[in-house]
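Examining the three-dimensional arrangement
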Amino acid sequence: MWFAHEDGGLWLRTDPDTDWYRNLVAEPRCRVILGQAAADAVREVVPDEERALRHLIDLWRPKYGAEWVADWYVERGRVPVRLRLVPPD
């Protein structure tokens, strides 16, 4: 799954009908596992989804390459997901 890290959080993009997204809508607390690292996180509501998707595309381009990241990602009915990482106790 493609993601971007920014300002203490993760940005993802998904189809609104996926189970994991519906679970996050119902219960915004989650656990994120990236390779050997794990962290608690909380889904934040994204007020302007289209703007957030465009921002996410801008974050993805340097990471994954402009040839792989196209503007049509915004127009495919996907939703942005912002997870704020919770610092460990």
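In what follows, the structure referred to is the one given above.
Residues numbered from 1 in each chain as written. Predicted model: local features only at pLDDT ≥ 70, side-chain atom pairs only at ≥ 80, totals over all residues. Heavy atoms only, no water.

1. Overview of the overall build of the protein chain
So the rule is basically this: Numbering of helices and strands starts at the N terminus; helices are DSSP runs of H or I of at least 4 residues and strands are runs of E of at least 2. A radius of gyration in this sense is built from C-alpha atoms; the matching globule rule multiplies 2.2 Å by the number of residues raised to 0.38. Buried means the residue's accessible area, taken with a 1.4 Å probe over protein chains only, is under 20% of the maximum for its type, while exposed means over 50%, and partly exposed covers the values in between. Residue contacts are defined here by distance: any two heavy atoms, one from each residue, within 4.5 Å place the two residues in contact. The accessible surface values rely on the Shrake-Rupley method and a 1.4 Å probe; as for residues, cover is taken only from the protein chains in view.
Within the protein chain, the regular secondary structure consists of two helices and five strands. In the protein chain, the succession of α and β elements from N to C terminus is β-β-α-β-β-α-β. The C-alpha atoms of the protein chain give 13 Å as radius of gyration, which agrees with the globular expectation for 89 residues (12 Å, within 12%). With the principal axes as the frame, the protein chain shows a C-alpha extent of 40 × 25 × 20 Å. Buried positions account for 33% of the 89 residues belonging to the protein chain. Long-range contacts, defined as pairs at least 24 residues apart, comprise 66% of the intrachain contacts of the protein chain with a sequence gap of at least 6. When the accessible surface of the protein chain is totalled, it reaches about 6,000 Å², and 52% of it is carbon and sulfur.

2. Quick look at helix α2 (residues 49-64)
As a reminder, the rule being used: Multiplying one less than the number of residues by 1.5 Å gives the expected span of a helix. Note that the arc is computed from the directions linking the helix axis to the C-beta atoms.
In this model, α2 (16 residues) spans 21 Å end to end at C-alpha, consistent with the 22 Å of a helix rising 1.5 Å per residue. Considered for burial, the residues of α2 that qualify are Ala-52, Leu-53, Leu-56, Ile-57 and Trp-60. Buried residues of α2, viewed axially, fall in a sector of 145°; they line one side. Facing away from the buried surface of α2 by more than 90 degrees, the exposed residues are Arg-51 and Pro-62. Once α2 finishes, Gly-65 follows within two positions and takes phi at roughly 100°, a positive value.

3. Topic: the side chain of Thr-14
Note the threshold: Any N or O atom pair separated by 3.5 Å or less is treated as a polar contact, with the protein-specific requirement of one donor-capable and one acceptor-capable atom, and with residues adjacent in sequence counted only for side-chain atom pairs.
Mapped onto the secondary structure, Thr-14 falls in strand β2 (residues 9-14). We classify Thr-14 as buried; its relative accessible area is 6%. A distance of 3.2 Å separates the side chain of Thr-14 from the side chain of Thr-18, its partner in a polar contact. Among all residues touching Thr-14, those that are not within four sequence positions of it are Trp-20, Tyr-21, Arg-78, Val-79 and Val-81.

4. Concerning the pairing of strand β5 (residues 79-86)
Taken residue by residue, a regular strand's side chains alternate between the two faces of the sheet. Rule in force here: DSSP-based pairing: two strands are paired if at least 2 bridges between them are found.
One ladder, built from six bridges, connects β2 with β5; its direction is antiparallel. Note that in β5 the partner of Thr-14 across the bridge is Val-79. One ladder, built from five bridges, connects strand β4 (residues 37-44) with β5; its direction is antiparallel. Within β5, the position partnered with Asp-40 by the bridge is Val-86.

None of this, on its own, says anything about what the molecule does.
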